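# Remarks on the overall topology
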Amino acid sequence: MEIDIEKIAKEISADKKPRKITPRQLFNAFGFERRTPGNCYWVDKFLNDNSLMVTPHYNDVWIDEFISIDHKPVAKTEIPIDPIRRINSLDSANTIPSYVNNDAPLLAATTIMQSYDFSQLPVINGNVRNLVGYISWKTISKAKINGINSDMVKDYIEPDVATLSPDTPLIQAIEIVKKHDFAVVLAKDKSLYGIVTATDVTTQFIEESEPFVLLSELEGHLRNLLRDKILVEDLKKLCCKDEQEISSIDEMTFGDYVTIFGNEKQWKKLKIAADRKTFVEELEVIRGIRNDVMHFRPSGLDDGKKELLKRFVDYLRVLVHYKHD
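Quick look at the structure, then. Counting of residues starts from 1 at the beginning of each chain's written sequence and follows it residue by residue. Two thresholds apply to this predicted model, a pLDDT of at least 70 for residue-level local features and 80 or more for giving and counting side-chain atom pairs, whereas whole-chain, interface and lining totals are computed over all residues. As a convention, hydrogens and water are excluded, and side-chain values are obtained from all of the structure's heavy atoms.

### What to know about the overall build of the chain
- Under the DSSP-based scheme used, a helix requires at least four consecutive residues in state H or I and a strand at least two consecutive residues in state E, with every element numbered from the N terminus. A count of helical and extended segments in the chain gives twelve helices and nine strands.
- For a compact globule the rule gives 2.2 Å times the number of residues to the power 0.38, and the radius of gyration it is set against comes from C-alpha atoms. A globule of 325 residues ought to have a C-alpha radius of gyration of about 20 Å, yet the chain, at 32 Å, is considerably larger.
- Its C-alpha atoms put the chain at 100 × 70 × 25 Å along the principal axes.
- The buried label applies to any residue whose accessible area, calculated with a 1.4 Å probe on protein chains only, is under 20% of its type's maximum; exposed applies above 50%, and partly exposed to all values in between. Among the 325 residues that make up the chain, the fraction classed as buried is 37%.
- Sequence separation of at least 24 residues holds for 56% of the intrachain contacts in the chain that already meet a minimum separation of 6.
- Between the centroid of the 44 positive side chains of the chain and the centroid of its 51 negative side chains there is a distance of 2 Å. Throughout, a contact is declared for two residues whenever any of their heavy atoms are within 4.5 Å. For the purpose of charge, His is not counted, nor are the chain termini; Lys and Arg are scored as positive and Asp and Glu as negative. Here the site of a charge means NZ on Lys, CZ on Arg, CG on Asp, or CD on Glu.

### Considerations on the pairing of strand 6 (residues 127-136)
- Sheet analysis places strand 5 (residues 120-125) next to strand 6, joined by six bridges and oriented antiparallel. Opposite Gln120, over in strand 6, you have Ser136 as the bridge partner.
- Paired strands, in this sense, are two strands between which DSSP finds at least two bridges. Joining the antiparallel neighbours strand 5 and strand 6 is a turn of one residue, in which Gly126 adopts a positive phi near 90°.

### Topic: helix 8 (residues 232-239)
- Looking only at helix 8, the buried set comprises Asp234, Leu235 and Cys239. An end-on view of helix 8 places all buried positions within 105° of arc, on one side of the element. Of the exposed residues in helix 8, those oriented more than 90 degrees away from the buried face are Glu233 and Lys237. As used here, the arc is the angular range of directions from the helix axis to the C-beta atoms.

### Quick look at the packing of helix 7 (residues 198-226) against helix 11 (residues 276-294)
- Interaxial distance between helix 7 and helix 11 falls to 11 Å at its minimum, and their mutual angle equals 145°. Where helix 7 crosses over helix 11, the handedness of that crossing is left-handed. Here Pro211, Phe212, Leu215, Leu218, Glu219, Leu222 and Leu225 of helix 7 lie close against helix 11, whose contacting residues are Phe279, Leu283, Ile286, Arg290, Val293 and Met294.
- Polar here means any residue outside two lists: the nonpolar Ala, Val, Leu, Ile, Met, Phe, Trp, Tyr, Cys and Pro, and the charged Asp, Glu, Lys and Arg; Gly therefore counts as polar. Partitioned by chemical class, the residues of the contact of helix 7 with helix 11 number eleven nonpolar, no polar and two charged. Orientation is described by axes fitted as lines to C-alpha atoms, over the contacting stretch for helices, and by angles from 0 to 180 degrees between their N-to-C directions. The crossing is said to be left-handed when, going from far helix to near helix, the turn is anticlockwise and less than a right angle, and right-handed when the turn is clockwise.

### Quick look at the sheet that holds strand 9 (residues 192-197)
- The mixed open sheet is built from three strands, whose spatial order is 7-8-9. Edge strands, defined here as strands with exactly one partner in the open sheet, are strand 7 (163-164) and strand 9.
- Here strand 8 (residues 182-186) pairs with strand 9 via five bridges, running antiparallel. Bridging across to strand 9, Val185 finds its partner in Gly194.
- Against the sheet, helix 6 (residues 170-180) makes contact with strand 7, strand 8 and strand 9, and its axis sits at roughly 130° relative to strand 8, the strand it touches most.

### Comments concerning the pairing of strand 9
- Of all the six residues making up strand 9, five are buried; the element is thus mostly covered by neighbouring parts of the structure.
- Linking strand 8 to strand 9, which pair antiparallel, is a turn of five residues; within it Lys190 sits at a positive phi near 75°.

### Regarding the sheet that holds strand 2 (residues 52-55)
- An order of 1-3-2 is seen for the three strands of this open sheet, with the pairing classed as antiparallel. Here the strands that pair on one side only, and so sit at the sheet edges, are strand 1 (19-21) and strand 2. Going across the sheet, the axis of each strand differs from the next one's by a mean of 30°, ignoring polarity.
- Summarising the sheet, strand 2 and strand 3 (residues 67-71) pair through four bridges and their orientation is antiparallel. From the neighbouring strand, Val54 faces strand 3, where its bridge partner is Ile69.
- Against the sheet, helix 1 (residues 5-15) makes contact with strand 1, strand 2 and strand 3, and its axis sits at roughly 55° relative to strand 3, the strand it touches most.

### Topic: helix 4 (residues 106-116)
- Taken together, the buried positions of helix 4 are occupied by Leu106, Ala109, Thr110 and Met113. All buried residues of helix 4 lie within an arc of 90° about the axis, which places them on one face of the element. Facing away from the buried side of helix 4 by more than 90 degrees, the exposed set consists of Leu107, Ser115 and Tyr116.
- Considering only its buried residues, helix 4 is in contact with strand 4 (100-101), strand 5, strand 6 and helix 5 (137-145).
- Just downstream of helix 4, Asp117 is the residue with a positive phi angle, here 60°.

### Looking at unusual backbone geometry
- Omega for the bond connecting Thr55 with Pro56 falls within 30 degrees of zero, at -10°, which places this linkage in the cis form.
- For Pro56, the location among the structural elements is in the loop between strand 2 and strand 3.
- Although it is not a glycine, Asp117 sits at a positive phi angle of roughly 60°.
- Within the element layout of this structure, Asp117 appears in the loop between helix 4 and strand 5.
- Positive phi values are uncommon outside glycine, yet Asp181 reaches one of about 75°.
- By secondary structure assignment, the location of Asp181 is in the loop between helix 6 and strand 8.

### Topic: the nonpolar core
- Ranked by internal contacts, the top residues of the largest apolar core, which has 33 residues, are Leu218, Leu222, Leu225, Leu226, Phe261 and Phe279.
- Going through the elements one at a time, helix 7, helix 8, helix 9 (254-262), helix 10 (264-270), helix 11 and helix 12 (303-324) are the ones with two or more residues in this core.
- In this structure, Leu226 is in contact with Ile249, Met252, Tyr257, Ile260, Phe261 and Leu270, ignoring residues within four places of it in sequence. For our purposes a nonpolar core is just a set of buried Ala, Val, Leu, Ile, Met, Phe, Trp, Tyr and Cys residues, chained together by side-chain atoms within 4.5 Å.

The following block contains the structure:
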């Protein structure tokens, strides 16, 4: 049975699913009868040009035995298809907030705010799909100053409330929250979905940026331990790879740190009050953590690794302090 090899190549490129074929069908598709070196050249060229492979190889089986023609393996990533961090990555943006009805007593609102240490509450009119504004200690104070002496929520509402959708980019949301102190997250049906405060975004920012800050400090301490102790010729001899040129400590990779600190001759020059083997083992652990941080793992850095990073930075602070005293 003749096959359309061009069509098969397009189908495999689209769905990345293998197809069954015999060597005879494969070669016949090009008008060839035999697996001669010249014919193999053109078949292989077509396979390579279309990122295809056959398993097992067509020369390793009987000519009418089925083989699999498949797309060559494609590189994958753990990073989500959508690289944009969105507001729904925050827990608070996915938790229906406390709220109060506009016909509720003011005391009901202030009791909730005091009990949970809230600065504000969303106000609805009858149901969670009808957000009419918010009440806060600020709106209450402002109304009181202007002579309002009501005991009902509706008289202290600020209707101008900032809102976000769950898929709002985090960076954009931060700007909105920065301007308004908080924003209410509404679902597609306009119902209450969450609330994001300045504290929420600040906490998130600290959590995500802290490992980068710690690693920057850590590498600074390592450079200070090496400063004016290592010869340029030793750096080139131990750290240069292929065409790479290195002439200063600032050009070292983290792997280079491990190499230098792990070299017994260089270690003696550094005169560090620590066991070389243990120190280098710790560096290797930190290198693994650094790779996780710098490759932006979707799951983030777990608490255990973050604590290891903090502990080693604290250790280096003490080590560098006493070394330079």
